[in-house]
Amino acid sequence: MSRNSVFVLATLAVASLLPRAAFSQAALTKSFSGAAALNFAARVVAFGPRPSGSAANTRQRAYIREQLATCHCEVSADAFTAQTPDGPVAMENIIAKFPGKSGRAIAITGHFDTKKMTNFVGANDGASSTGILLEMAAVMTGRPRTDDVYIVFFDGEEAVRDWTDSDSVYGSRHLAGKWTADGTNRRLKALINVDMTGDKDLDIVYESSSSPSLRKLVWDAADALGYSAFFLRQPNAVEDDHIPFLQAGVRALDLIDFNYGPGNAYWHTPQDTMDKLGAHSFQVVGDVLMRVIPELEAEKQ
Ligand SMILES: [Zn+2]
């Protein structure tokens, strides 16, 4: 037996101990888990109501940072004082950057604050987006990348009182201004915002203010994955954290399920609790986002 054949046999022996899939690149990277995203949502709901400026909001931000510390990303804060109808409120967006090499960028965003209301824990409205973003950050770690991928956790999406242009989307308005000033918005190929997409009964609005080409890319990805039933075709306009970026000239899309409970009865009520959420809905949104990112990276624009 030659040294060479010993080497070959030894290699085969090792190979036979490993599952075949271990040799494919895809198997070497973690795939998006809806169950893990749902679990992250449950962890932040356990902090209780998390309106901007509250101690629970601060504790939640520390938790998000702890999770991001385990990812291979650059974490930064966008802290500011929002002028609200209830006076100045300290707010802070958290930004995780996964560096690419093209000079272009993609952003996936969502909000972590909850509406300032008694007994409101925002399982779907606040925690679901936080859970999806935390699981995406875990999945992005170790993936080959072309463009920079930003995962952004917005504070201050909710109105402190009633929703107006000046009392809403504080965090995204602040970051859109900052990213216009520092040139990041010009590098963005796309920004996709997720909000309230944890509902067991998932139906995502065909949001009519969003950029049509980006909406088509996402809806096509959903079709290709067999998820057409969860993506509506009837246009409806929803104001959300994507709007300040659209106004800044960024190609942007909002993924929101705005049909939460009978007649939207769970929205902004104490009924917005974990039992209304389903891991499959997190899986659907995560799978679509993970499919769309490389498609955006392949775009030459
Ligand atoms: Zn809300």
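Above: the structure in question.
These numbers were taken from a predicted model, which means no experiment stands behind them.

Observations regarding the packing of helix H3 (residues 34–45) against helix H5 (residues 123–140)
Axis separation between H3 and H5 bottoms out at 7 Å; the angle between their running directions is 130°. Classified by the angle between their axes, H3 and H5 sit oblique to one another. Regarding H3 and H5, the two cross each other, and that crossing is right-handed. Along its contact with H3, which presents Ala 36, Ala 37, Phe 40, Ala 41, Val 44 and Val 45, the element H5 presents Ala 123, Ala 127, Ser 128, Thr 130, Gly 131, Ile 132, Leu 134 and Glu 135.

Some points on the nonpolar core
If you look at the biggest cluster of nonpolar residues, it comprises 60 residues, and the most contacted ones within it are Ile 151, Ile 192, Phe 231 and Leu 255. The contact partners of Phe 231, leaving out residues within four places of it in the chain, are Ile 204, Val 218, Trp 219, Ala 222, Leu 255, Val 284 and Val 288. Counting residues in hydrophobic clusters, the runner-up holds 14 residues, among them Ala 107, Tyr 150, Phe 154 and Val 250.

Notes on H5
Given a rise of 1.5 Å per residue, 18 residues ought to cover 26 Å, and the 24 Å separating the end C-alpha atoms of H5 matches this to within 8%. Taking burial as the measure, the 18 residues of H5 include 17 buried ones, the bulk of the element. Two residues or fewer after H5 comes Gly 142, characterised by a positive phi angle close to 85°.

What about the sheet that holds strand S3 (residues 105–111)?
With respect to topology, six strands assemble into an open sheet ordered S1-S2-S4-S3-S5-S8, the strand pairing being mixed. Pairing within the sheet leaves two strands with one partner each, and these edge strands are strand S1 (74–84) and strand S8 (252–256). Each adjacent strand pair in this sheet contributes to an overall mean axis angle of 20°, direction not counted. Across five bridges, the pairing between S3 and strand S5 (residues 188–195) is parallel. Within S5, the residue paired with Ala 105 across the bridge is Leu 188. Docked against the sheet, helix H4 (residues 55–68) engages S1, strand S2 (87–98) and strand S4 (148–154), running at close to 10° with respect to S2. Along the sheet face, helix H6 (residues 170–181) touches S1, S2, S3, S4 and S5 and points at about 115° away from the line of S1.

A few points about the coordination of the zinc ion
Coordination sphere of the zinc ion, protein contribution only: Asp 125 (OD), Glu 158 (OE), Glu 158 (OE) and His 268 (NE2), at 1.9 to 2.7 Å. What the four donor atoms of the zinc ion show is an angle range of 53 to 149° at the metal, which sorts the shape as irregular.

Details of the side chain of Asp 241
Tracing the sequence through the fold places Asp 241 in the loop between strand S7 (231–236) and helix H9 (243–247). Lacking a salt bridge, the buried Asp 241 has Arg 173 as its closest oppositely charged neighbour, with an N-O distance of 7.9 Å. Ignoring anything within four residues of it in the chain, the contact list for Asp 241 reads His 111, Phe 154, Glu 157, Val 169, Ser 172 and Asn 193.

A few points about the pattern of salt bridges
Throughout the structure, instances matching the rule amount to 14 salt bridges. Ionic pairing is found between Asp 86 and Lys 116, a salt bridge with its closest N-O pair at 2.8 Å. In this pair, Asp 86 sits in the loop between S1 and S2 while Lys 116 sits in the loop between S3 and H5, placing the two residues 30 residues apart along the sequence. One salt-bridge network, in which partners are shared between bridges, spans Arg 61, Arg 65 and Glu 92.

Describing the environment of Asp 125
Among the secondary structure elements, Asp 125 is positioned in helix H5. Overall, the relative accessible area of 2% leaves Asp 125 in the buried class. Note: C-alpha distance between Asp 125 and Ala 107 (18 residues apart in sequence) is 20 Å.

Here is what the cut-offs are and how they apply
- Residues numbered from 1 in each chain as written.
- Predicted model: local features only at pLDDT ≥ 70, side-chain atom pairs only at ≥ 80, totals over all residues.
- Heavy atoms only, no water.
- Axes fitted to C-alpha atoms, helices over the stretch in contact; angles between N-to-C directions.
- Helix = DSSP H or I, 4+ residues; strand = E, 2+ residues; numbered from the N terminus.
- Parallel < 35°, antiparallel > 145°, perpendicular 65-115°, else oblique.
- Left-handed = near helix turned anticlockwise from the far one by under 90°.
- Contact = heavy atoms within 4.5 Å.
- Core = buried A, V, L, I, M, F, W, Y, C linked by side-chain atoms within 4.5 Å.
- Buried < 20%, exposed > 50% of the residue type's maximum accessible area, 1.4 Å probe, protein only.
- Expected span 1.5 Å × (residues − 1).
- Pairing = 2+ DSSP bridges.
- Donors = N, O, S within 2.8 Å, 3.2 Å for Na, K, Ca; no water.
- Tetrahedral: all angles 85-135°; square planar, octahedral: opposite > 155°, others 65-115°.
- Lys, Arg positive; Asp, Glu negative; His and termini not counted.
- Salt bridge = Lys/Arg side-chain N within 4 Å of Asp/Glu carboxyl O.

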